[in-house]
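Chain residues, written in single-letter form:
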Amino acid sequence: MRGEETDSDFAQRKYLNLICEDSWEFVKRTNCSGIVVIVPMTKEEKVVLVEQFRRPVESQVIEWPAGLVNDKMSHDRESMEAAARRELLEETGFEAEHLELLVGGPVSSGLSSEIITFYQALDVVKKGPGGGDATESIKVHEIPIKEVDIWLYEMEQKGFLVDPKVYVGLYFLKS
């Protein structure tokens, strides 16, 4: 299958395709139209981070709440902002009255076609339990922004991985 590759898929799975194109090999999602990352902070200036086990890195990872856009057949076609609101509530139990578009860009431009879009959610309010959907086991952390750098360092010392996107979000919160 690997001999003379053309500009076509060479490995199709349920959620991902491995593409070979012009001597590049990369991954493309089949089950969504985008990815949102939400950077939430409460009125008390606590950042809201999530923790979950990630199989590809075999570790608990500290992240911002995030998710796929248009990934569920039960949803009508949703906007990026609607997906951000849905994921924030689903993963953390928090709601935001206002979301601000921050920035978008590639996750890993040499490996994946994924583009992520960051939204900032200030003054979020707890409205539900969070924890993710039936396929997820998400733990929610609320950390005062003044203590978050130390908290992240301590989590790394305990063996957790911290997604570098956390530092991107903190840059926006602190500026």
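Higher on the page you've got the structure.
Residues numbered from 1 in each chain as written. Predicted model: local features only at pLDDT ≥ 70, side-chain atom pairs only at ≥ 80, totals over all residues. Heavy atoms only, no water.

(A) Inspection of the packing of helix H2 (residues 148-157) against helix H3 (residues 165-174) at higher detail. The interhelical angle for the contact between H2 and H3, taken along N-to-C directions, is 170°, at an axis separation of 12 Å. The angle between H2 and H3 places the two elements in the roughly antiparallel class. Where H2 abuts H3, its residues Val 148, Asp 149, Leu 152 and Glu 156 lie against Val 166, Tyr 167, Leu 170 and Lys 174. In the contact of H2 with H3, the residues fall into five nonpolar, no polar and three charged. (Axes fitted to C-alpha atoms, helices over the stretch in contact; angles between N-to-C directions. Helix = DSSP H or I, 4+ residues; strand = E, 2+ residues; numbered from the N terminus. Parallel < 35°, antiparallel > 145°, perpendicular 65-115°, else oblique. Contact = heavy atoms within 4.5 Å. Nonpolar A, V, L, I, M, F, W, Y, C, P; charged D, E, K, R; others polar.)

(B) Seen up close, a negative patch on the surface. A surface patch of like charges, here negative, comprises Glu 44, Glu 97, Asp 123 and Glu 142. Among the secondary structure elements, Glu 97 is positioned in the loop between strand E8 (94-95) and strand E9 (99-106). (Patch = residues over 30% accessible without salt bridge, like charges linked within 9 Å, V, L, I, M, F, W, Y side chains within 5 Å. Areas by Shrake-Rupley, 256 points an atom, 1.4 Å probe, with all protein chains shown as cover. Salt bridge = Lys/Arg side-chain N within 4 Å of Asp/Glu carboxyl O. Lys, Arg positive; Asp, Glu negative; His and termini not counted. Charge placed at Lys NZ, Arg CZ, Asp CG, Glu CD.)

(C) Molecular detail of the environment of Arg 77. Among the structural elements, Arg 77 can be located in the loop between strand E7 (66-69) and helix H1 (80-92). Residues Arg 77 and Gln 12, spaced 65 residues apart in sequence, show a C-alpha to C-alpha distance of 24 Å. For Arg 77, the residues in contact, after removing those within four places along its chain, are Ser 33 and Asn 70.

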